[in-house]
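Chain and residue survey
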Amino acid sequence: MPEIAKAYEASEVEQKWYRFWMEQGYFTPKIDHKKKPFVIIMPPPNVTGELHLGHALTATLEDIMVRWHRMKGEPTLWLPGVDHAGIATQVVVEQKLAKEGVDRHALGREKFVERVWEWVSQSRQSITYQHQRLGASCDWTRERFTLDEGPCLAVRTAFVRLYNKGLIYRGERIINWCPRCQTAISDLEVQHKDITGNLYYLRYPLAEGDGFVTVATTRPETYLGDTAVAVNPEDGRFKGLIGQKVALPIIGRVIPIIADSAVDTAFGTGAVKITPAHDPVDFEISERQGLAVINILNPDATMNEQAGPYAGLDRFACRERVLADFEKAGLLEKIEPHSHSVGHCDRCQTTIEPEVSQQWFVRVVPLAEVAIKAVDEGRIAIIPERFTKVYLNWMENIRDWCISRQLWWGHRIPVWYCNKCGKPTVSVDEPSTCSHCGWADIVQDADVLDTWFSSALWPHSTLGWPEDTDDLDYFYPTSVMETGYDILFFWVARMIMMGLEDTGDIPFDTVYLHGLIRDEKGEKMSKMRGNVLSPTDAIGEYGTDALRFGVTTGTSPGNDINLGRHRLEAGRNFANKLWNAARFVFGSLEAEPIEGQALAELTAERPEALEDRWVLSRLRRLVLEVDRLMRDYQFGEAERQIHDFFWGEFCDWYIEMAKIRLSQPTSSPLPVLAVVLETTLRLLHPFMPFITEELWQGLKQRLPEGSLDSTSIMIAPYPVADAKAIDPEAEQVMDSVIEIIRCIRNARAEHKVAAGKWIEARVYADNLRLAIASQSQAIETLAKARPLAVLSRDQRQAEGEKALVMVLKEAEVVLPWAGMVDLEAERQRLEREIGASEAEIARLGERLKDAAFVSKAPAEVVDKERGKLQACKDKFKRLRQELTQLS
Ligand SMILES: [Zn+2]
Ligand SMILES: [Zn+2]
């Protein structure tokens, strides 16, 4: 039999078992129409490279669910994939090329895309490898990339269907424009930063007669695109001005003063400039009011010919010039400091320009209505539940979705324009002629689709839609969509809309949202702060199971996680604890192998020894509780309870008691040791898959042939328990025995009794006396208490003996001072401590009498002082009592 190593070597064990699982094909489910499958489609990480801790959390949570369901015997599919991540990838490759001194325009579209593919294939391998290091038990035979043939067909099909239904249109709308990337970007790709800028008050002279209207703006250069000034119709200050006109300074364009109830009377002067081409609210007003829309910018954010004398200037240089010219003309009324939020491109940090632009849009309201209904009717549950309201609120206020991007990397828009009639041909397959006039000279739209368009189809496109595949038939709708709460709208909501639209069915029945990982102080992790911890480094240092334990234990859905190194250390310590406990059991089994039937008998009959009954009862309670928590998606709590049982009850108490029995010819604790270890390993497997497999296989080798008939823990059944098998009587007695041992240990520690010294103890009890007495040996050994007597309470005499008396729930413990300490020295020690307590009580009392302190200090500080005073008084009382007992 291979000997078990002294210490756990995570990296060797992990690679060995991952390879074994792959070779055995455990990750690929068998389609069984008699069983309902459990399915998770993995949120595809961006192909841009290294995984971060958020990915590790995603992979761990999904693997927990997947391994749990697989062990419950359900056909389980976890489908992995990678996202081509349009703009993110394009920018990374552009930056790479820039280092070589190459510009993508010089390279040309085709060559550039080739370079991206080269880079993508390396990056994909690294992502797969990192997921495998994390222990992810996903079905690699079904791995998908958003640019694979299947997902591409799905994208074109979905586009054409929506277009034919009138749900996709091309039009002019306000979008977020990045002047550096020179593309529209989604709201998600805009980072809002609070900027301390200025609010500029500009005077627009009336076109006729004297006077002017003052408007306030943070972007004075946009006045060049103004097509109206608006006031609120309820605002008495401007009643007479509505219907008049102003002339824009310098360029002289005459624009009307209009009334619109969208105007906020509290902003600036109450009269606002309307720049429809560069502000979303203004654009809406312009649509309502029929105003002209004047775009003043070139794609690179220099001013275009609409800017008259400012044409050709960069937008910020133009701002300075405009301000100087207004000032010269006496039209700059005042400048106020003003902090406001400014959008920046997530990829390149350039200031975003809201800009009207000709783009493709999805008309989302009809799609949203169906998606709202699915959640409203409870067909899709969102966990934690509080996000349901957030989802519904967003969906009810949803705006049309801009899906075209001026990029080269992504799904080309399946639209071809005719060079004769100009009309678009929208087609799944590449057409050879115009569908309107039959002309052969047609050109495909140069744009690609927003990455989120293909992501929105992910649950059904990965399973084969639009083809009618076996996978789609069996695995769709999927079970759980697990992802971060930060992409609820951008992704989850859109998957619900598109899934329902394309397949007529929900894409998943449960949405599980996890929180964000922050550093131990609760700060966001970022390269700039230097507090980033990479999963690969963490795995190298602590082991995968420790990392998985660290990111999930004690966490709950939707809440952020502060991940300090102490959490990873706790994970590693737990792995070592498992290892050492198993080594003890293995060693004992090697010394004294258990017989063939011993394990089977154990499940059939109730063991005699109280601690056996107790630990099995506690284990069953744990199994029931874990089942309840897992069903309730409280994985972090389930894991915490398994940890606490294993460490706090099995290792600290049961194994310690078993050691006493192993040295004696009484009934052997080995079958129970084996059963509890084996069951706990299976309970823990979804959370810490590697060490549990290693130890389970080690245990299997040391048990009688056929005791464990599965070839791997990952396909062994998940533990179940019967509530009827709980043994409350054994639990009550053992609780009491543990309490007695603890209280003697505490007394020894407090009175500084040498570790090797035996002290006399008497335990008085009523109902539980005989049961406690049966555990005398354990109490003696574990509390180092000898002689020990367990007596009934009526034998307790109020003799004048000097002893420490402790009253517990079910028993009273009496420790004669003489057997424990040097009486005189202890008396002096107690007196000293009483003196110190008195002084502290006096000090705190004075402080709390001080009216100035009590009224001025924060309430929690005062409360803390009151708590300290109470604790001091309690201690004082106890010390006095002990002194009386001593005298
Ligand atoms: Zn950018
Ligand atoms: Zn045509």
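Refer to the structure above for everything that follows.
Residues numbered from 1 in each chain as written. Chains lettered and ligands numbered in written order. Predicted model: local features only at pLDDT ≥ 70, side-chain atom pairs only at ≥ 80, totals over all residues. Heavy atoms only, no water.

1. Here's the deal with the overall build of the protein
Helix and strand counts for the protein stand at 28 helices and 29 strands. Taken over the C-alpha trace, the protein has a radius of gyration of 36 Å; the compact-globule value for 887 residues is 29 Å, which it surpasses by more than 25%. With respect to the three principal axes, the spread of C-alpha positions in the protein is 110 × 75 × 55 Å. In the protein, which comprises 887 residues, the proportion classed as buried is 55%. Contacts in the protein between residues far apart in sequence, at least 24 positions, make up 77% of those at least 6 positions apart. In the form shown here, the protein has an accessible surface area of approximately 39,100 Å², with 49% of it arising from carbon and sulfur atoms. For the protein, the centre of its 105 positive side-chain charges and the centre of its 130 negative side-chain charges are spaced 3 Å apart. (Helix = DSSP H or I, 4+ residues; strand = E, 2+ residues; numbered from the N terminus. Rg over C-alpha atoms; globule rule 2.2 N^0.38 Å. Buried < 20%, exposed > 50% of the residue type's maximum accessible area, 1.4 Å probe, protein only. Contact = heavy atoms within 4.5 Å. Areas by Shrake-Rupley, 256 points an atom, 1.4 Å probe, with all protein chains shown as cover. Lys, Arg positive; Asp, Glu negative; His and termini not counted. Charge placed at Lys NZ, Arg CZ, Asp CG, Glu CD.)

2. So, the coordination of the zinc ion (ligand 1)
Around the zinc ion (ligand 1), the protein contributes the donor atoms Cys178 (SG), Cys181 (SG), Cys345 (SG) and Cys348 (SG), at 2.2 to 2.4 Å from the metal centre. Classification of the site at the zinc ion (ligand 1) rests on its four donor atoms, whose angles at the metal span 102 to 116°, yielding the label tetrahedral. (Donors = N, O, S within 2.8 Å, 3.2 Å for Na, K, Ca; no water. Tetrahedral: all angles 85-135°; square planar, octahedral: opposite > 155°, others 65-115°.)

3. Quick look at helix H19 (residues 610-631)
In a regular helix each residue adds 1.5 Å, so 22 residues correspond to 32 Å; H19 covers 32 Å between its end C-alpha atoms and thus fits that length. The positive-phi residue at the C-terminal boundary of H19 is Tyr633, with phi of around 65°. (Expected span 1.5 Å × (residues − 1).)

4. With respect to the pairing of strand S28 (residues 803-807)
Looking down a regular strand, the side chains alternate between one sheet face and the other. Looking at chain direction, S28 and strand S29 (residues 811-816) are connected through five bridges and run antiparallel. Opposite Met806, over in S29, you have Val813 as the bridge partner. Hairpin geometry of S28 and S29 is characterised by an intervening segment of three residues between the two adjacent antiparallel strands. (Pairing = 2+ DSSP bridges.)

5. Concerning the pattern of salt bridges
This structure, assessed with the given rule, holds 56 salt bridges. Ionic pairing is found between Asp139 and Arg142, a salt bridge with its closest N-O pair at 2.6 Å. By relative accessible area, which is 0% here, Asp139 ends up buried. In this structure, the salt-bridge partner of Lys868 is Glu865, at a minimum N-O distance of 3.2 Å. Note that Lys868 and Glu865 are positioned in helix H28 (residues 859-886) at a spacing of three residues, about one turn of the helix. The class of Lys868 is partly exposed, set by a relative accessible area of 39%. Note on Glu865: relative accessible area 6%, which makes it buried. Among the charged side chains, a salt-bridge network with shared partners connects Arg618, Arg621, Glu649 and Glu731. (Salt bridge = Lys/Arg side-chain N within 4 Å of Asp/Glu carboxyl O.)

6. Some thoughts on the environment of Thr89
Relative to the helices and strands, Thr89 is located in helix H3 (residues 86-99). Taking C-alpha positions, Thr89 is 34 Å from Lys389, a pair spaced 300 residues apart along the chain. Ignoring anything within four residues of it in the chain, the contact list for Thr89 reads Val47, Thr48, His84, Val116, Trp119, Val120 and Trp409.

7. A look at the packing of helix H1 (residues 10-24) against helix H5 (residues 109-133)
Relative to each other, H1 and H5 sit at 105°, their axes nearing to 10 Å. On the basis of their axis angle, the class for H1 and H5 is roughly perpendicular. Facing H1, whose interface residues are Glu14, Gln15, Tyr18 and Met22, H5 presents Tyr129, Gln132 and Arg133. Grouping the constituent residues of the contact of H1 with H5 by class yields three nonpolar, two polar and two charged. (Axes fitted to C-alpha atoms, helices over the stretch in contact; angles between N-to-C directions. Parallel < 35°, antiparallel > 145°, perpendicular 65-115°, else oblique. Nonpolar A, V, L, I, M, F, W, Y, C, P; charged D, E, K, R; others polar.)

8. A look at empty space enclosed by the protein
For the structure on display, the rule yields five cavities of 30 Å³ or more. Its volume calculated, the largest cavity comes out at about 50 Å³. As for the largest cavity, its lining consists of Leu51, Gln130, Arg133, Leu134, Pro535, Thr536 and Ile539. Counted by class, the lining of the largest cavity contains four nonpolar, two polar and one charged residues. The wall of the second largest cavity is formed by Leu57, Leu61, Tyr512, His514, Gly515, Thr555, Ser556, Pro557, Gly558 and Ile561. Sorting the residues of the lining of the second largest cavity by element identifies helix H2 (53-71) and strand S23 (508-514) as the ones contributing at least two each. (1 Å grid on protein atoms, 1.4 Å probe; cavity = no way out; pocket = protein on both sides within 12 Å on 5 of 7 lines; lining within 4 Å. Points joined across faces, edges and corners; volume = space filled by probe spheres on them.)

9. Some details on unusual backbone geometry
Note that the residue after Trp465, namely Pro466, is joined by a cis bond; omega there is 10°. Here the bond from Arg786 into Pro787 is cis, since omega is 0°, no more than 30 degrees from zero. Unlike most non-glycine residues, Ala301 shows phi in positive territory, near 70°. Tracing the backbone through its elements, the reader meets Ala301 in the loop between helix H7 (280-289) and helix H8 (315-328). In this structure Ala301 comes out as buried when scored by relative accessible area, which is 3%.

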